[in-house]
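Okay, here's what each chain looks like letter by letter:
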Amino acid sequence: MDITKTHKNIRPKVLFFDVNETLLDLTKVKKEVGKALGGREDLLSLWFTTMLQYSLVTSASGQYKPFGHIGAAALQMVAANLDISLTEEKARTIVSGAMGNLPAHPEVKEALSQLKNAGYKLVAFTNSSKDGLKKQFENAGLTEYFDEMLSVEPTGKFKPFTDTYAWGAKQMGLELEECMLIAAHGWDVAGALWAGWRAAFIGRPGQQEYPLAPKTEIIVSDLKKAADILETFS
């Protein structure tokens, strides 16, 4: 854990949470994606990375497609490398089904409850669609913990584009430095920091900070540990 001198122990006005992998456990997705890829559960990471890559390609090209559709297209691409043919409709059904019914990581509900009791405002902030986010939270039992659920859809760009973080801050009536992103992805944390936000990195297994990004003030292995630190801020 490293807390920067600039914001040491100063409470952010709003905590923005990434959703997939940060709050929700992707183990079930691993099984469903693996099933579609001939049993290759080890290819979950490649599929997820490909989905992120092409979400950036789409945004950088001035285009917008729903995140779930990009995920389905990425699944088709990974499958094609294995000589497995997936129709667009089949791929979308697989991705929608797998991503829509994920459990929260074991410590998440306790940590969110702790943060709410400490007086924090909690906002979900995701590349997924608003409808998809609502479904995920309903199925995982997380809806009650959040004051707002934001999808980047209205921006026409995905995180980590700077515009998306600026938009998120504006939606909550905040200055950039009053926002803190909590995420398990180095790219998301880097994007938030470069956009002028603060951030906490949750080091889920297989996830790393981006070494070329500014230093993150909170670096912990799970959300409960982050909550313990944030509870001490004033």
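Only a predicted model underlies this, so the values are computations on that prediction, with no experimental measurement involved. (Residues numbered from 1 in each chain as written. Predicted model: local features only at pLDDT ≥ 70, side-chain atom pairs only at ≥ 80, totals over all residues. Heavy atoms only, no water.)

Draft legend 1. Local environment of a nonpolar patch on the surface. A cluster of nonpolar side chains, contributed by Tyr54, Val57 and Met77, occupies part of the molecular surface with about 230 Å² of accessible area. Mapping Met77 onto the fold places it in helix α3 (residues 67–81). (Patch = residues over 30% accessible without salt bridge, like charges linked within 9 Å, V, L, I, M, F, W, Y side chains within 5 Å. Areas by Shrake-Rupley, 256 points an atom, 1.4 Å probe, with all protein chains shown as cover. Salt bridge = Lys/Arg side-chain N within 4 Å of Asp/Glu carboxyl O. Helix = DSSP H or I, 4+ residues; strand = E, 2+ residues; numbered from the N terminus.)

Draft legend 2. Structural context of the pairing of strand β4 (residues 179–183). The element β4 is extensively covered by neighbouring structure, given that five of its five residues are classed as buried. Side-chain alternation along β4 places Cys179, Leu181 and Ala183 on one buried face and Met180 and Ile182 on a second face that is also buried. Between β4 and its parallel partner strand β5 (residues 198–202), the chain crosses via helix α8 (residues 186–194), and the hand of that crossover is right-handed. (Buried < 20%, exposed > 50% of the residue type's maximum accessible area, 1.4 Å probe, protein only. Right-handed = clockwise from strand over helix to strand, strands pointing away.)

Draft legend 3. Region of interest: the sheet that holds strand β1 (residues 14–17). Strand order in the open sheet formed by six strands is β3-β2-β1-β4-β5-β6, and the pairing between neighbours is parallel. Where the open sheet ends on each side, the last strands, each with one partner, are β3 (148–151) and β6 (218–220). Neighbour to neighbour, the strand axes of the sheet diverge by 20 degrees on average, direction disregarded. As paired strands, β1 and strand β2 (residues 121–126) are joined by four bridges and run parallel to one another. Within β2, the position partnered with Phe17 by the bridge is Ala124. Sitting on the sheet, α8 touches β4 and β5, and the angle it makes with β5 is about 170 degrees. (Pairing = 2+ DSSP bridges. Axes fitted to C-alpha atoms, helices over the stretch in contact; angles between N-to-C directions. Contact = heavy atoms within 4.5 Å.)

None of the figures reported here should be taken as evidence of function without further support.
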